[in-house]
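Chain by chain, the residues run as shown.
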Amino acid sequence: MKPTTLNISFSKDINKRSYDIQIGTNLLANAGLILRKFIENRKVIVIHDNYFSLNENDNEYFYKFAKSIEANCKNIFFISVRGGDKTKNIIEFNEIIEKMLSFEIDRESLVIAFGGGVVGDIAGFASSVVLRGINFIQVPTTLLSQVDSSVGGKTGINSKMGKNLIGAFHQPLVVISDINILESLPKREFYAGLAEVIKYGLINDIDFFEWLEKECEQILIYNPSKLQTIITKSCEIKAEIVKNDEKEIGQRALLNLGHTFAHAIEYFGNYDGRIIHGEAVSIGICLAFKFSSFLGLCDDTDTKRVITLFNRFKLPTSVKGFKKLHLSSTEMMERFKFDKKNKRNQLTFILNNSIGKSFIHNNVDVENLTQFLDKEINA
Ligand SMILES: NC(=O)c1ccc[n+]([C@@H]2O[C@H](COP(=O)([O-])OP(=O)(O)OC[C@H]3O[C@@H](n4cnc5c(N)ncnc54)[C@H](O)[C@@H]3O)[C@@H](O)[C@H]2O)c1
Ligand SMILES: [Zn+2]
């Protein structure tokens, strides 16, 4: 299978910044060559998920990746970071920064984030602030990070007040997504990534949504060419939106479909693994569709069709199955106040008129939302 290379270019930027996203198989063993121009004669700090180690018998892809980088760069350091959202906090962040500085890095040093969305977010954020910002590269190793978090430059950590409330926009120099690395990914994490994939179809591409309906079984058995297609298509849709609105002044907020609900749900899960991001997104998108239908904005048949696809991809679709999180509608309403999309005390939600037609609703009626949540959560 030939790899695909996408380019994301910020057309409105006077410096005409752009970077490549490479998607394919057998990329990691050649990473040193692919990245040579970025790593030669520099200090490189590989911040990696602690699932991976330098032991040859553990994970051949990480081992080969590290060897290939070492062959093209003499000065390489490693920092191991625990996967899972609990890691995205200010204490772990501080430890990473102090370790980086202990390697006597300079402004030409480079970070490679090797892991899922958690490693990408925290390593990217560390790169954005250390020495007032150094370059970084994303090597995503979960489906979720390959289709979403490694692209677009959002980096950050969680606060006690909520998810991703501390962070920076910091674009990577390049993204390398090797499908082979997904072989070891637990199934639950694979399904979670699919939630973000379905999201893209729902936002603005009904053809992609229908393709997912058709290819569901093949995707679930990891057909490599289907995986390459979903990663490529997801990155294309995301890149198109991000390049026109890098800092989320407007349309980029559409990528947040389901996330206002999801972030609130994750908050109640205390980031301890009872519910993971993609699962919360799946429930959150179903809630966004149900709420759209509740307001009379979206046909019920569309909402049912969306829920059916999430179910087929083995994802949770209702908050009721997660009673162990002790959710209540009143507490959910409290969490919404912390959402980054809100402006001037008005609640903003991404809602849908139909499959493939999301829009930004800037002034959601609190009464309506409360009634809806009472019905969905407390009933
Ligand atoms: N920056 C963005 O634009 C953006 C977008 C979407 C999500 N996110 C963030 O991404 C995070 C979720 O990312 P995630 O789902 O990748 O979670 P994660 O990084 O926690 O990885 C999930 C689990 O898989 C393990 N793992 C990683 N790669 C593996 C592999 N190849 N084989 C076996 N195990 C592996 C990790 O150790 C972890 O236990 C959330 O914090 C979310 O907020 C950010
Ligand atoms: Zn997400």
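Below you will find a few notes about this structure. Values in this document were obtained by computation on a predicted structure and should not be read as measured data.

## Let's talk about the coordination of the zinc ion (ligand 2)
For the zinc ion (ligand 2), the full set of protein donor atoms is Glu 196 (OE), His 259 (NE2) and His 277 (NE2), and the range of their distances to it is 2.0 to 2.1 Å. Counting the intervening residues between successive donors of the zinc ion (ligand 2) yields the motif E-x62-H-x17-H. A residue pair is termed long-range when its members are at least 10 positions apart, and His 259 in helix H10 (residues 259–268) and His 277 in helix H11 (residues 277–294) qualify at 18 residues. Residue His 277 is classed as buried on the basis of its relative accessible area, which comes to 16%.

## Details of the nonpolar core
One finds Leu 194 and Leu 369 to be the most contacted residues of the largest nonpolar core, which totals 101 residues. Leave out the neighbours within four places in its chain, and Leu 194 touches Leu 143, Ile 219, Leu 220, Ile 230, Phe 313 and Leu 315. Grouped together as the second largest cluster of nonpolar side chains are 21 residues, Ile 47, Met 100, Ala 113 and Phe 125 included.

## Remarks on helix H13 (residues 329–336)
Those residues of H13 that fall on the buried side of the exposure criterion are Ser 329, Met 332, Met 333, Arg 335 and Phe 336. Buried residues along H13 cover an arc of 160° about the axis, so they all sit on one side. Where H13 is buried, its residues contact strand S8 (162–169), H10, strand S10 (349–354) and helix H14 (366–378).

## Digging into the pairing of strand S7 (residues 154–159)
Of the pairings in the sheet, the one linking S7 to S8 comprises 5 bridges and is antiparallel in character. Across the sheet, Thr 155 pairs through a bridge with Ala 168, a residue of S8. The antiparallel pairing of S7 with S8 creates a hairpin that spans 2 residues between the two strands.

Definitions and limits used
Residues numbered from 1 in each chain as written. Chains lettered and ligands numbered in written order. Predicted model: local features only at pLDDT ≥ 70, side-chain atom pairs only at ≥ 80, totals over all residues. Heavy atoms only, no water. Donors = N, O, S within 2.8 Å, 3.2 Å for Na, K, Ca; no water. Helix = DSSP H or I, 4+ residues; strand = E, 2+ residues; numbered from the N terminus. Buried < 20%, exposed > 50% of the residue type's maximum accessible area, 1.4 Å probe, protein only. Core = buried A, V, L, I, M, F, W, Y, C linked by side-chain atoms within 4.5 Å. Contact = heavy atoms within 4.5 Å. Arc of directions from axis to C-beta. Pairing = 2+ DSSP bridges.

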